Amino acid sequence: MSVLVIAEHDNHQLKAATLKTIAAARKISSDIHVLVAGHQCGAVAEAAAKAAGVTKVRVADGEALAHQLAENMGTLIAGIAKEYEAVLAPATTAGKNYLPRAAALCDMAMVSDIVAVESADTFVRPIYAGNVLATVKSSDAVKFVTVRTTAFDADDSNSGSAAIEAVAAVADSGKSRFISAEMAKYDRPELTAARVVVSGGRALASADNFKSVLTPLADKLGAALGASRAAVDAGYAPNDYQVGQTGKVVAPDIYFAIGISGAIQHLAGMSSSKVIVAINKDEEAPIFQVADYGIVGDLFTIVPELEKAL
Amino acid sequence: MKVLVAVKRVVDYNVKVRVKTDGSDVDIANVKMSMNPFDEIAVEEAVRLKEAGKASEIVVVSLGVTQCQETIRTALAMGADRGVLVETDATLQPLAVAKLLKAVIDKEQPQLVILGKQAIDDDANQTGQMLAALTGFPQGTFASKVDVAGNELTVTREIDGGLETLQISLPAVITTDLRLNEPRFIKLPNIMAAKKKPIETLTPAALNVDVTPRLTVVKVAEPAARAAGKKVASVAELVEKLRTEAKVL
Ligand SMILES: Cc1cc2nc3c(=O)[nH]c(=O)nc-3n(C[C@H](O)[C@H](O)[C@H](O)COP(=O)(O)OP(=O)(O)OC[C@H]3O[C@@H](n4cnc5c(N)ncnc54)[C@H](O)[C@@H]3O)c2cc1C
Ligand SMILES: Nc1ncnc2c1ncn2[C@@H]1O[C@H](COP(=O)(O)O)[C@@H](O)[C@H]1O
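Before going into details, it helps to say that this report is about the structure given with it. Numbering of residues starts from 1 in each chain and follows the order in which that chain's sequence is written. Think of it this way: whatever chain is written first is A, whatever ligand is written first is 1, and the rest follow in order. Selection of residues for local features in this predicted model requires a pLDDT of at least 70, selection of side-chain atom pairs for listing and counting requires 80 or more, and totals for whole chains, interfaces and linings are taken over all residues. Each side-chain value is worked out from all heavy atoms of the structure, with water and hydrogens disregarded.

### Points about the site of ligand 1
By convention in these notes, a residue is near a molecule or strand provided one of its non-hydrogen atoms lies within 4 Å of it. The environment of ligand 1 is formed by 28 residues, the closest being R202(A), S228(A), V243(A), S261(A) and N280(A). The residues that come close to ligand 1 belong to more than one chain, namely chains A and B. Two N or O atoms count as a polar contact when they lie within 3.5 Å, although within protein this holds only if one can serve as hydrogen donor and the other as acceptor, and sequence-adjacent residues are included solely when both atoms are side-chain atoms. Between ligand 1 and Q245(A) there is a distance of 3.2 Å, counted from an oxygen atom to a backbone nitrogen or oxygen. G247(A) places a polar main-chain atom, nitrogen or oxygen, 3.4 Å from an oxygen atom of ligand 1. Areas reported as accessible are Shrake-Rupley estimates using a 1.4 Å probe. Residue values count occlusion only from the protein chains shown. A total of 990 Å² of accessible area belongs to ligand 1 in isolation, and the protein chains cover 85% of it.

Shown next as structure tokens:
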């Protein structure tokens, strides 16, 4: 049977998270359909049709889906889910919002945030802030799954040529209305996809410092910026910089933890990074237990020095 | 407006859990248990709505073993009015929790239901969304700001890339993100007062809900530990190591 992947997009562009989710889906089945739900999202459907491994793209295009409100997405997905053995969405804030709703409408369980596919019904997922990996088997007829995108490698060869067909869009629930979105504009790589991440913690001590100390280093490395919860809560960095159990999960080639102590909730979001560099003035800081390279010292002198040395 | 808040008893966030030697489950015997941090935020939000005159009554619900009473008492000490314990020793997965909460909601008829966005033990992030589906309520997940005006809620949500604001009609389900508020410290007199507040005990059978798990845990394991690396003495050495040893620059 086939697997349905729900596309992540902004009505214009197909997001990389979709390709990663397709990569997970290909471990379950070779017949992969992608649902593009949105408004005036034809370009996204065309991009999805080119994705490697996709056999069919289904487009639900309607005003009620413009902002992917969970009420409408849930009804749409639940309406077609039973045609599939599994329905996968990326474990982004979008997928986490609508997929449990769709699953419950079908009276089925959901498996969150998988990092591996063992077989068509068995998946591995982190629990307890990543301190434990659980292997879980689902007995439901349709497996509803969200996928931790950093755990799967996208095939971006664009070698697909799937057919595109329309699905009836759903009527608006009338219970929820999109008012506005304040999206940060970044001229740097997206955090979860970046090859290099420069993250700052409470030690940065102000929003001005966060910017003036970390930005030059990030610029030099072409890096994304990240932060600990403490830095976000204190207003030094925007909320979507947060890396960790309850923020984003990143797995770059190199992760710089600067003035971050290394609480388990933070490690949950970055300990799959290939190489971890820690800069901290406290040589006992737990971050050094996971760092490949550590420098003990004052970040305010070390970071500018590092930036110059690169 | 009546507000219902779901509070889960979980392993305290400071505890590093271990898996049992046979790999069947995590070992949580004798570890410190607390209210799920996101649920503390949910209770705090409800109490603030009551203090602002927007909520009339706060009912807290916890599902699980007898000791969930302690979690309910904590919520009562924060300012909730009464508690409901759905008592069971069974393993409860999010879909079952959502069904039980739906049954309690059918009895209690709250206008606003607040849950945490995620329980820090199962890290599922599902229950609020499932409950919204089962009740047919709209959902405002990952909320960092909630305003009640008449029959509507304005909810600011933390999403990848920024913030989104929705308007949803009541009755509704909200799930809390960390930055919605900062929970208060509980004062001793409030702990004493909470002892007098009522807690009703129900069971899944009495609510007519089948809680059989749909997911089986095949095994649990600790992830491969990262070996601690080395400390380098200078920036020059760091750069050199990153270039020639780690080969990531
Ligand atoms: C339910 C829950 C969920 C959570 N989710 C997350 C999450 O997703 N992500 C997350 O990050 N946290 C999360 N946390 C918070 C987490 O527990 C820690 O509180 C947080 O990560 C600490 O941030 P920090 O390392 O920046 O601050 P601190 O722990 O205060 O560490 C600051 C570090 O900077 C060092 N330092 C100070 N000055 C200097 C200097 N001049 N030069 C060099 N080093 C210096 C100090 O030695 C210290 O190690 C969560 C907590 C809870 C309860
Ligand atoms: N056993 C439970 N008792 C009370 N509330 C629960 C329980 N399980 C989950 N919840 C609620 O659902 C939220 C999300 O949990 P989860 O979907 O398991 O991550 C929690 O923050 C609680 O508000």
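### Thoughts on the interface of chain B and chain A
Of the residues lining the interface, 74 residues belong to chain B; the matching set on chain A comes to 84 residues. Reported buried area values correspond to the accessible surface (1.4 Å probe) lost by two parts on association, with both partners' losses combined. A combined buried area of about 6700 Å² lies between chain B and chain A, and 54% of that area is made up of carbon and sulfur atoms. Each reported salt bridge corresponds to a side-chain nitrogen of Lys or Arg within 4 Å of a carboxyl oxygen of Asp or Glu. On inspection of chain B and its partner chain A, the count reaches 5 salt bridges. A salt bridge links D140(A) to R214(B), with the shortest nitrogen-to-oxygen separation between them at 2.9 Å. For the interface between chain B and chain A, the tally reads 49 residue pairs in polar contact (both at pLDDT 80 or more). Each helix is a run of DSSP H or I of at least 4 residues and each strand a run of E of at least 2, with the numbering of both proceeding from the N terminus. At the level of elements, α3 (94-108), α4 (127-135), β9 (139-149), β10 (152-159), β11 (162-169), β14 (215-221), β15 (230-231) and α6 (235-244) of chain B are the ones that each hand at least two residues to the side of chain B that touches chain A. By residue number, the principal contributor to the side of chain B that touches chain A is β11(B), which donates 8 residues. The contact criterion used is simple: two residues touch if any of their non-hydrogen atoms lie within 4.5 Å.

### Considerations on the site of ligand 2
Residues and elements named next belong to chain B. The immediate surroundings of ligand 2 are formed by 18 residues, with D39, A119, D122, N125 and T127 found nearest. At 2.8 Å, a backbone N or O of N125 approaches an oxygen atom of ligand 2. Of all the elements in the fold, those that place two or more residues in the shell around ligand 2 are β6 (57-64) and β8 (112-116). Sorting elements by how many residues they give to the shell around ligand 2 places β6 first, with 3 residues. Gly is put with the polar residues, along with every residue not named as nonpolar or charged; the nonpolar set is Ala, Val, Leu, Ile, Met, Phe, Trp, Tyr, Cys and Pro, and the charged set is Asp, Glu, Lys and Arg. Its residues assigned to classes, the shell around ligand 2 shows 8 nonpolar, 7 polar and 3 charged.

### Some words on the sheet that holds strand β4 (residues 86-90) of chain A
Sheets are built from strands paired through backbone hydrogen bonds, the pairs being either parallel or antiparallel. Residues and elements named next belong to chain A. For two strands to be treated as a pair, DSSP must find no fewer than two bridges joining them. Reading across the sheet, the 7 strands line up as β5-β9-β4-β1-β2-β3-β10 and stay open at both edges, with parallel pairing between neighbours. Of all the strands in the sheet, the pair left with one neighbour each is β5 (110-114) and β10 (163-166). Ignoring which end each strand starts from, the neighbouring axes of this sheet average 25° apart. Relative to β4, strand β1 (residues 3-6) runs parallel, the two being bridged by 3 bridges. Working convention: axes come from line fits to C-alpha atoms, limited for helices to the stretch in contact. Angles between N-to-C directions cover 0 to 180 degrees.

### Quick look at helix α5 (residues 207-221) of chain A
Residues and elements named next belong to chain A. For a helix, the expected span equals 1.5 Å multiplied by the number of residues minus one. Compared with an ideal rise of 1.5 Å per residue, which puts 15 residues at 21 Å, α5 spans 21 Å between its outermost C-alpha atoms and is within 8% of the ideal. To get the bend at a residue, fit one axis to the 7 residues ending there and another to the 7 starting there, then take the angle between the axes. Maximal helix bending in α5 amounts to about 35°, located at T215; proline P216 follows within four positions. Type-normalised accessible area, obtained with a 1.4 Å probe on protein chains alone, sets the label of each residue: buried when under 20%, exposed when over 50%, and partly exposed for intermediate values. Along α5, the residues classified as buried are F210, V213, L214, T215, L217, A218 and L221. Where the residues of α5 are buried, they touch β12 (196-200), β13 (224-227), α6 (229-233), β14 (254-258) and α8 (299-309). Just past α5, the residue G222 takes up positive phi, approximately 60°.

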